[in-house]
Every structure is written in structure tokens, then in C-alpha cells.
Amino acid sequence: MEIKGLVNFESENFSGLNDVAVIALVDQDSCENFKLPDFLNDLQKIFNAAFTRKDFTGKKGKFLRVPVFDNANVRNLYLFGLGEKDKCNSNLIRDSLAWAFRAARNDKNKNVLLLADGIKYFCNVNEITAEAAGLSAYDFDKYKSKKDDENSKPAKLDNIFIHGVEINQNEIQRGEIFASSQVYSRDLINIPGCDVNPVIMAEKAQALAKDYGLEIEIYDEKKLLSENMGGILAVGKGSAVPPRLIHLKYAPKNPRKKIVFVGKGITFDSGGLDIKPENFMLQMKCDKTGACNVLGILKAVADLKPDIEIHGILACAENMPSGNAFRPDDIIKIHNGKTVEINNTDAEGRLVLADGLSLASDLKPDVIIDMATLTGACAVALGNWRAGLFVNDEELSNAILTASKKSGEAFWRMPHEDEHIEETLKSPFADLTNCGKRYGGAIFAAIFLSNFVAKDIAWAHLDLAGVDYYEKEYGIYSKGASAFGVRTCLEYVMNL
């Protein structure tokens with residue numbers, strides 16, 4: 001797919017496009033005063049009629065498809081509303097464009113003309129268009145034995161023409177890289193545990209490192225044991241497939257900062273001996289979202305080439321019940337020397353992250369950001385469209401929230417400390433317990449993780465539970481894994 005500019009389109013050859021023109025309008029006044037460019041002048045009456053008859057008013061979420069039968073250039077006119085001008089933002093535009101591009105493919109259009117005059121004051125049209133096009137085209141059909149025939153499957157867009165703004169290929173490329181990295185992570189998350197386990201995650205990371213010129217080190221069972229990584233080893237004990245810790249590194253010359261991303265990579269979570277009920281075991285392939293997101297981030301970083309040293313640590317294990325599985329009452333030792341009493345084997349993600357965060361602290365970075373589908377409590381608190389942000393540094397908090405506002409991935413800052421909940425972490429037999437009482441579970445987990453981050457390092461914990469998987473498509477998201485958080489972290493890095 002190619003994105004092209006049509007600022008002075010009247011001087012170019014537009015004949016034969018024969019597809020769809022997309023118009024985004026902010027409010028009623030814009031609808032009343034909107035004038036189509038001269039080369040589409042014969043569609044002005046159609047547009048005016050749609051507005052006069054109140055078929056379309058520019059209200060948020062309203063969409064109108066108008067077939068065109070007597071125009072050589074377009075066969076469909078798509079009108080979609082963005083609502084009130086003072087509430088319009090780039091996230092709404094990105095989601096709306098994704099909807100329009102998806103509709104265009106479903107209607108068998110191969111080329112789209114975007115009239116950007118109504119949206120260019122609210123967003124970077126080049127970047128937003130590229131992101132919306134790349135993310136909305138995603139479809140996971142790897143396991144379908146009978147593919148859709150040519151007559152039933154959506155068309156592939158060949159070109160998106162933008163009228164009304166100057167084309168900037170660097171901005172388009174940035175949007176494409178952001179989108180392709182999130183799509184890469186989605187693909188890996190969507191693959192079930194039968195085909196992706198910790199060993200295969202390591203192989204995927206090795207392939208990525210080779211393709212993108214990244215440094216990589218794989219910690220196998222012997223290396224994990226020698227480095228005292230008791231969290232990962234304990235969680236992985238019950239599986240026939242051994243655990244892995246994967247360390248990737250992007251190292252530019254003379255970096256300004258060092259950042260480490262740590263991802264929870266539970267390739268399937270049965271709950272272990274504290275086994276999950278069957279309805280809670282579905283979609284547990286998504287418990288590797290954090291690790292897959294880290295891979296997507298490193299992929300993009302290698303393309304974007306910031307002057308910042310970026311590390312990615314993936315803590316990967318499969319949590320299964322067996323005669324060799326770790327048990328409630330077991331006491332394990334984490335990489336930084338702290339001991340943990342196990343009182344719930346289904347609170348396993350924080351154990352593998354503990355080793356990952358301890359190793360990240362050894363690297364003495366400026367910032368550590370971990371990502372994990374960690375607690376159902378966070379999903380209960382925030383729902384399915386907002387992730388939890390736990391952070392020990394105001395500057396880092398502001399930077400991540402600013403990045404999330406641009407990416408459209410909503411985060412809500414949660415408490416990262418609470419003296420009453422902290423009391424419940426104490427064990428009579430070890431330094432910590434791995435699971436507390438029912439209430440405040442997401443805060444308990446964040447406080448637990450803070451014990452494995454060096455005190456002088458700015459740290460953020462992103463709890464992605466609840467936003468990792470969607471049952472149906474909306475906006476930029478297709479059904480399945482979301483890879484929520486990838487673009488926020490990339491925005492954060494590129495804004496430093």
C-alpha cells in the first residue's frame with residue numbers, strides 16, 4: 001500500500017481511480033460550509049443533499065455511505081462525523097479513519113481518496129493515516145484451513161491519496177513503523193501455546209535480532225540457575241518445556257539515556273497447581289502480551305534508530321500443573337537475593353518479572369518499564385479500555401501519560417505504594433509472600449514488583465490485564481490480541 005499526496009490534485013491525472021472518497025467532518029457548521037475540491041465538483045450536490053435531508057450531520061460516530069453512479073473518479077462517497085470541534089482529537093480521527101479504511105476494503109475498493117481539510121488542524125494527518133491504515137488491515141487467519149475466496153474477502157488497499165495537506169514521507173514512515181510493530185506483536189500473541197512456548201519465543205527473538213541487527217543473549221536452564229533466577233525456574237518447573245530469559249539490546253553510538261523494557265512472557269497460564277476455572281483459562285495465550293510487546297518495541301527501535309540505548313528483557317515460562325510443579329508453601333530465591341513464599345501458584349507473572357526487573361536493575365539504566373497482563377484486579381478496577389500505570393517518578397509518569405494521549409492507548413495512574421497493603425506482603429518464613437488478600441490486588445502486585453527495582457531507578461509498571469484481547473473489532477483494533485502499549489512506549493522513547 002502506498003500513501004500519496006494530492007495537494008494540487010487538479011493538475012494531476014485522477015481519472016480511473018473509480019473507488020472511494022472519504023470526508024471527515026467535525027461538526028454541523030463544517031458540514032454546512034464544506035466545499036469539495038474542483039475535481040469532485042459534480043459530487044457537491046450529493047453531499048449537500050445528504051446534509052439537507054439530515055442523513056448526515058457530522059455527529060460523532062455517524063457514518064454514511066453514498067453510492068455514486070455518474071462520476072468517473074469515485075464510486076462511493078464516505079462521510080463520517082467527529083462530533084464537536086472542541087472535543088475532536090487525534091485518537092478519534094485515528095479510530096474513525098481505521099473504520100473508513102476497513103469499510104473501503106469490505107466494499108472492494110482498492111484506492112481511497114482522503115479529503116483531509118476537515119481534520120488537518122487536529123492531528124498529524126500523514127502519521128495518523130499511516131497508523132490507521134496499517135492497524136485496521138490486520139486479520140489473524142493463520143490457522144484457517146479454508147481461506148476466504150476472492151469474492152468474499154476484503155480487498156487490499158493499493159493506494160491512499162491524501163488531499164489538503166503536504167505529504168511528509170518521514171511522518172508516513174514513522175506511522176507505518178509504529179503500526180507494523182504493533183501488528184508484529186499481535187501476530188505473536190495470537191499464536192496459541194501449542195505453537196509458541198518459551199523455547200520458541202527465544203527462537204523468535206533470535207530471528208528478530210538477526211534481521212534487525214540487535215544484540216541478544218538467551219538464558220537457558222543452566223544460565224538461569226547460575227544467575228539465581230528462582231522465579232522463572234519455579235514457574236517453569238511444571239511444564240515439559242523449559243523456561244527462558246531473553247535479553248535484547250539496541251546500542252547506538254554515544255547514547256543519551258539507557259532504558260530497559262521488561263515483559264512478562266507466560267506462554268500459557270493454567271494457574272499451576274492453583275488451577276484456573278475453565279472460563280478463566282481461555283485466552284491465556286495472551287499472558288505473553290508483555291514479552292511480545294517488548295519484541296515489537298525493539299523491532300521498531302531498530303528502524304527508528306533513536307540515540308538511546310534500549311534493552312528488552314523477556315521473562316518466559318509456561319505455568320502448568322504436574323508432579324514437578326512448584327507448590328503453595330514453597331520458598332524461592334529471586335535474582336537479587338530476596339526470598340518469596342508462594343501462597344498462590346496462579347500469581348506467577350510477578351515471579352518471572354521479579355527476576356527480569358532484578359536483571360534490569362543490574363544494568364543501571366535511567367528508566368525501567370515493565371509490561372504485563374498481571375492482575376484481574378486491574379481489569380475489574382479499570383475495565384477493558386484502560387490500562388493501569390504504577391510509577392515511582394513524576395517526570396516518568398507525565399511522559400508516559402503524554403505519550404499515551406497521543407497514541408490513543410489510555411492509561412490511568414494507580415497507587416504504587418500503600419502502607420496497609422504493604423503489611424500484607426510480609427511472610428513469617430521469607431522476605432515476601434507472592435499474593436495478598438482479595439482487595440487491592442493490583443496495588444499489591446505493583447508493591448511486590450517494586451522490591452526488585454533498585455531504589456534510584458525511575459520505574460513504571462504497566463498492568464495490561466483487561467486490554468490485551470478484544471472479542472470484536474472496533475477502531476484500530478481487530479478481534480483478538482491488541483498489543484496495547486506498544487505505540488505508547490514508542491511515543492515515550494521518541495519524545496525523549
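In what follows, the structure referred to is the one given above.
Keep in mind that this is a model prediction, so the values were computed, not measured.

Peer 1: Would you explain the packing of aromatic side chains in this entry?
Peer 2: One pair of aromatic rings is described through two measures. These are the centre distance and the angle between the planes. This structure, assessed with the given rule, holds 8 aromatic pairs. Consider the rings of Phe-63 and Trp-99, whose centres lie 4.2 Å apart with planes at 55°: the pair is tilted. Note that Phe-63 is positioned in strand 3 (residues 63–67) and Trp-99 in helix 3 (residues 90–106), a separation of 36 residues in sequence. For Phe-63, a relative accessible area of 27% translates into the label partly exposed.

Peer 1: Can you help me understand helix 16 (residues 486–495) in this one?
Peer 2: Residues separated by three or four positions in an α-helix point in the same direction, a consequence of the helix having 3.6 residues per turn. Burial runs high along helix 16: 8 of the 10 residues are buried. Inspection of helix 16 places Val-486, Arg-487, Thr-488, Cys-489, Leu-490, Glu-491, Tyr-492 and Val-493 among the buried residues, and these make up the whole buried set.

Peer 1: Sorry, what's going on with the pairing of strand 9 (residues 258–269) here?
Peer 2: Across the 12 residues that make up strand 9, a large majority, 10, are buried. Alignment of strand 9 against strand 10 (residues 309–319), held across 11 bridges, turns out to be parallel. Each residue of the ladder has a partner; that of Gly-263, found in strand 10, is Leu-314. By the bridge criterion, 5 bridges tie strand 9 to strand 13 (residues 367–372) in an arrangement that is parallel. Opposite Gly-263, over in strand 13, you have Met-371 as the bridge partner.

Peer 1: Help me out: how do you make sense of the sheet that holds strand 9 in this one?
Peer 2: Within a sheet, adjacent strands bond to each other through the backbone by hydrogen bonds, running parallel or antiparallel. In spatial order, the strands read 7-8-10-9-13-17-14-15; together these 8 strands make up an open sheet with mixed pairing. The open sheet has two free edges, formed respectively by strand 7 (215–219) and strand 15 (411–413), since each of these has just one partner strand. Strand after strand, the sheet turns through a mean of 20° between neighbouring axes, direction not considered. Sheet topology note: the strand 14 (residues 387–391)/strand 15 ladder contains 3 bridges and is parallel. Bridging from a neighbouring strand, Ala-387 pairs with Phe-411 of strand 15. Relative to strand 8 (residues 244–250), helix 6 (residues 198–212) is tilted by about 15°, and along the sheet it contacts strand 7, strand 8, strand 9 and strand 10. Relative to strand 14, helix 13 (residues 394–407) is tilted by about 155°, and along the sheet it contacts strand 13, strand 14, strand 15 and strand 17 (458–463).

Peer 1: Please explain the environment of Asp-195 as it appears in this structure.
Peer 2: The topology assignment puts Asp-195 in the loop between helix 5 (169–190) and helix 6. Looking at Asp-195, the relative accessible area reads 34%, which means it is partly exposed. Between the C-alpha atom of Asp-195 and that of Thr-267, which follows or precedes it by 72 residues, the distance is 9.6 Å. The residues touching Asp-195, leaving out its near neighbours within four places in the chain, are Tyr-143 and Ile-200. A distance of 2.6 Å separates a polar atom in the side chain of Asp-195 from a polar atom in the side chain of Tyr-143.

Peer 1: Help me understand the layout of surface pockets in this model?
Peer 2: Empty pockets left among the atoms are what a rolling probe the size of a water molecule brings to light. Empty space within the largest pocket amounts to approximately 1400 Å³. Considering the residues around the largest pocket, the lining is formed by 49 residues, among which Phe-280, Thr-375, Gly-376, Ala-377 and Ala-465 are closest to the centre. Among the secondary structure elements, those contributing two or more residues to the lining of the largest pocket are strand 9, helix 9 (278–281), helix 11 (349–362), helix 12 (376–382), helix 15 (441–450) and strand 18 (469–470). A class-by-class count of the residues in the lining of the largest pocket yields 24 nonpolar, 12 polar and 13 charged. Size it by volume and the second largest pocket reaches roughly 990 Å³. Lining the second largest pocket are 34 residues, with Ala-137, Tyr-138, Asp-139, Phe-140 and Pro-154 sitting closest to its centre.

Calculation rules
Residues numbered from 1 in each chain as written. Predicted model: local features only at pLDDT ≥ 70, side-chain atom pairs only at ≥ 80, totals over all residues. Heavy atoms only, no water. Phe/Tyr/Trp six-rings, centres within 6.5 Å; stacked < 30°, edge-to-face > 60°. Helix = DSSP H or I, 4+ residues; strand = E, 2+ residues; numbered from the N terminus. Buried < 20%, exposed > 50% of the residue type's maximum accessible area, 1.4 Å probe, protein only. Pairing = 2+ DSSP bridges. Axes fitted to C-alpha atoms, helices over the stretch in contact; angles between N-to-C directions. Contact = heavy atoms within 4.5 Å. Polar contact = N/O pair within 3.5 Å; in protein donor to acceptor, adjacent residues only side chain to side chain. 1 Å grid on protein atoms, 1.4 Å probe; cavity = no way out; pocket = protein on both sides within 12 Å on 5 of 7 lines; lining within 4 Å. Points joined across faces, edges and corners; volume = space filled by probe spheres on them. Nonpolar A, V, L, I, M, F, W, Y, C, P; charged D, E, K, R; others polar.

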